[in-house]
Amino acid sequence: MNKSKEFWDKASKNYDRTEERFEHIHKKSRDNTKKYLRGNNIVLDYGCGTGTTSCELANYVKEIHAIDISSKMIEIAKQKAIDGKVENVNFSQTDIFDKIYKKESFDIILAFNMLHTVPAPENVVQRIHELLKPEGLFISVTPCLRDKMSFLVSIQIQLVRILSKTGIIPIPIRRLKSIELDDLLANGNFQTVDSEKIYKGASSYFVVAKKKSSE
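Reference entry: report on the structure contained in this document. Every value quoted in this text rests on a predicted model; they were computed, and no experiment measured them. (Residues numbered from 1 in each chain as written. Predicted model: local features only at pLDDT ≥ 70, side-chain atom pairs only at ≥ 80, totals over all residues. Heavy atoms only, no water.)

**Considering the sheet that holds strand β4 (residues 106-112)**
Part 1 of the reasoning: With mixed pairing, 7 strands are arranged side by side in an open sheet as β3-β2-β1-β4-β5-β7-β6. Every interior strand has two partners, whereas the edge strands, β3 (89-93) and β6 (190-199), have only one. For this sheet, the mean angle separating the axes of adjacent strands, direction not counted, is 15°.
Part 2 of the reasoning: Packing against the sheet, helix α7 (residues 178-187) makes contact with β5 (132-143), β6 and β7 (203-211), and its axis sits at approximately 15° to β7. (Pairing = 2+ DSSP bridges. Helix = DSSP H or I, 4+ residues; strand = E, 2+ residues; numbered from the N terminus. Axes fitted to C-alpha atoms, helices over the stretch in contact; angles between N-to-C directions. Contact = heavy atoms within 4.5 Å.)

**Side note on the pattern of salt bridges**
Part 1 of the reasoning: Going through the model one piece at a time under the given rule, you end up with 11 salt bridges.
Part 2 of the reasoning: The residue Asp-9 makes a salt bridge to Lys-5 at a minimum N-O spacing of 2.7 Å. One end of the pair, Asp-9, and the other, Lys-5, are both in helix α1 (residues 2-19), 4 residues apart, so they sit about a helical turn from each other.
Part 3 of the reasoning: Residue classification places Asp-9 among the buried residues on the basis of a relative accessible area of 16%.
Part 4 of the reasoning: The partner of Asp-16 in a salt bridge is Lys-80, and the shortest N-O contact between them spans 2.9 Å. With Asp-16 in helix α1 and Lys-80 in helix α4 (residues 71-83), the pair connects residues that are 64 residues apart, well separated along the chain.
Part 5 of the reasoning: A residue is classified by how much of its surface remains accessible, and Asp-16, at 32% relative accessible area, is partly exposed.
Part 6 of the reasoning: Each of the salt bridges in this network shares a partner with another, and the network as a whole consists of Glu-23, Lys-27, Arg-30, Asp-31, Lys-34 and Glu-56. (Salt bridge = Lys/Arg side-chain N within 4 Å of Asp/Glu carboxyl O. Buried < 20%, exposed > 50% of the residue type's maximum accessible area, 1.4 Å probe, protein only.)

**Some points on unusual backbone geometry**
Part 1 of the reasoning: Of note, the phi angle at Glu-104 is positive, near 55°, even though the residue is not glycine.
Part 2 of the reasoning: For Glu-104, the position within the fold is in the loop between β3 and β4.
Part 3 of the reasoning: The exposure class of Glu-104 is partly exposed, given its relative accessible area of 43%.
Part 4 of the reasoning: One non-glycine residue, Glu-135, adopts positive backbone phi at about 65°.

**Overview of the packing of aromatic side chains**
Part 1 of the reasoning: Scanning the entire structure with this criterion turns up 4 aromatic pairs.
Part 2 of the reasoning: Consider the rings of Trp-8 and Tyr-15, whose centres lie 6.5 Å apart with planes at 80°: the pair is edge-to-face.
Part 3 of the reasoning: Aromatic pair Tyr-101 and Phe-106: ring centres 5.9 Å apart, planes at 55°, arrangement tilted.
Part 4 of the reasoning: What links up through ring pairs into an aromatic cluster is the set Phe-7, Trp-8 and Tyr-15. (Phe/Tyr/Trp six-rings, centres within 6.5 Å; stacked < 30°, edge-to-face > 60°.)

**Digging into the pairing of strand β1 (residues 42-46)**
Part 1 of the reasoning: In terms of residue burial, β1 counts as a mostly covered element, since 5 of its 5 residues are buried.
Part 2 of the reasoning: The side-chain alternation of β1 yields two buried faces, one formed by Ile-42, Leu-44 and Tyr-46 and the other by Val-43 and Asp-45.
Part 3 of the reasoning: Two strands pair when backbone bridges link them, and β1 and strand β2 (residues 63-68) are joined in this way by 5 bridges, in the parallel orientation. Bridged to Ile-42 within β2 is Glu-63.
Part 4 of the reasoning: Following the chain from β1 across helix α3 (residues 52-57) to the adjacent parallel β2, one finds a crossover that is right-handed.
Part 5 of the reasoning: Where β1 meets β4, 4 bridges bridge the pair, whose relative direction is parallel. When the sheet's bridge partners are listed, Tyr-46 is paired in β4 with Ala-111. (Right-handed = clockwise from strand over helix to strand, strands pointing away.)

Structure follows, in structure tokens:
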């Protein structure tokens, strides 16, 4: 956790600039998400980064609890909220397994660009299922690094994976296919209600999944 936090703290300064090339994917994902938001929703934004998504979606819901393990990311996110006069987002430096979050607390949980980097995605999906209210929605977008991508992005991903394996980048980088994400959600007791493959230099898989009963 500490090494991952240090990595994302260092990355925070240039994070928004490095993500600009994937803005088509980010914008499309946010636009798709807005269709499922309601004014009374309580939302958890897991891995909120510098807060762009939370700040943009805030007007569509009652409140957003936005979390990230990087304190530096959270500092930037809080300033964005101040600058944008966003008052219904609570930014916290913490993890989704924090016991402060109780079972069936959220109507919607977002995980944008997270599932390919967490150590145990099955445990994360299980925790998301636990935190969602009955028939709550899990909305995710995940780079599919075994699906279509440009030659340049492919080279960059290979470099990142090498750095990850050697420990220079202290986070796992999984090469997933969209069908593997479908299986991950199905095995986690979710029913997919919407999905779209979004491409801009690389394939990302946008999914809306409804929580099924554990019974």
